[in-house]
Amino acid sequence: MKKLLILLVLLFAVPMFAACGASESYYRDQYVRAQLENFVFHTDFNYVWKEARTMLFQYGYQIHGGANDHIMETEWRQTDSGTFRRYMVSGYEYNDGTNTVHFDYYEETQMSPDVLPHATAARDYSLEFELIRRVESQNYTAINNAASQYAKQRVAEKK
């Protein structure tokens, strides 16, 4: 009887704790995305652009054709999950000396030969956040810490 009671408690408690963790992760990601929407680098554009290019190579992507000054497009690459992905990276320089870089991906998943591939396109906030970490680590740390605080606060409000 005790074993059954312990098992029942674990069956109900583990999903509850997992849901709390998922909520915190959700709010954290939500906060980071909101901060990245309008994030600008104060570092020289050429350095930021070089780091973005380096990141693509480190993740196994090759630049398609010649990359012009503000756009890089990669070749298709198969990911670990079996999908095919490519990136278009766009850089923007502003008159005040700031700049921004966006990583957009296009992904195709072939479920079976008889079905058209499922296509997805979106902005890759995780790569953008990684670029901030590499180029402006103080801003990365500030956003990361604020995101954790925000997530904890939101989860506490839900209890």
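Residues numbered from 1 in each chain as written. Predicted model: local features only at pLDDT ≥ 70, side-chain atom pairs only at ≥ 80, totals over all residues. Heavy atoms only, no water.

Asker: What am I meant to see in the packing of helix H2 (residues 45-58) against helix H3 (residues 125-135) here?
Answerer: Each packed pair of helices is defined by two parameters, the angle between the axes and the distance between the axes. Two elements in contact, H2 and H3, have axes separated by 10 Å at closest approach and are oriented at 125°. In terms of orientation, H2 lies oblique with respect to H3. Two packed elements cross with a definite hand, and for H2 against H3 that hand is right-handed. Each of Tyr47, Val48, Glu51, Ala52, Met55 and Gln58 in H2 lies in contact with H3, whose residues at this interface are Leu127, Glu130, Leu131, Arg134 and Val135. Across the contact of H2 with H3, the residue classes tally to 7 nonpolar, 1 polar and 3 charged. (Axes fitted to C-alpha atoms, helices over the stretch in contact; angles between N-to-C directions. Helix = DSSP H or I, 4+ residues; strand = E, 2+ residues; numbered from the N terminus. Parallel < 35°, antiparallel > 145°, perpendicular 65-115°, else oblique. Left-handed = near helix turned anticlockwise from the far one by under 90°. Contact = heavy atoms within 4.5 Å. Nonpolar A, V, L, I, M, F, W, Y, C, P; charged D, E, K, R; others polar.)

Asker: Whenever I open this one, the side chain of histidine 102 confuses me. Can you help?
Answerer: If you trace the backbone, histidine 102 turns up in strand E4 (residues 99-109). Separated by 3.2 Å, the side chains of histidine 102 and arginine 123 make a polar contact. Setting aside anything within four residues of it in sequence, one finds histidine 102 in contact with Met88, Val89, Ser90, Tyr92, Arg123 and Glu128. (Polar contact = N/O pair within 3.5 Å; in protein donor to acceptor, adjacent residues only side chain to side chain.)

Asker: I tried to follow a nonpolar patch on the surface on my own but got confused; where do I start?
Answerer: Together, Trp76, Phe84 and Tyr106 line one region of the surface with nonpolar side chains, adding up to about 290 Å² of accessible area. Tracing the backbone shows tryptophan 76 in the loop between strand E1 (71-73) and strand E2 (77-78). You can call tryptophan 76 partly exposed: its relative accessible area is 37%. (Patch = residues over 30% accessible without salt bridge, like charges linked within 9 Å, V, L, I, M, F, W, Y side chains within 5 Å. Areas by Shrake-Rupley, 256 points an atom, 1.4 Å probe, with all protein chains shown as cover. Salt bridge = Lys/Arg side-chain N within 4 Å of Asp/Glu carboxyl O. Buried < 20%, exposed > 50% of the residue type's maximum accessible area, 1.4 Å probe, protein only.)

Asker: Can you walk me through helix H4 (residues 137-158) in this structure?
Answerer: In an α-helix, one turn spans 3.6 residues; hence positions three or four apart end up facing the same way. In this model, H4 (22 residues) spans 32 Å end to end at C-alpha, consistent with the 32 Å of a helix rising 1.5 Å per residue. Those residues of H4 that sit buried are Tyr140, Ile143, Asn144, Ala147, Ala151 and Val155. With its buried residues spanning 100° around the axis, H4 presents them on a single face. Facing away from the buried side of H4 by over 90 degrees, the exposed positions are Gln138 and Gln149. (Expected span 1.5 Å × (residues − 1). Arc of directions from axis to C-beta.)

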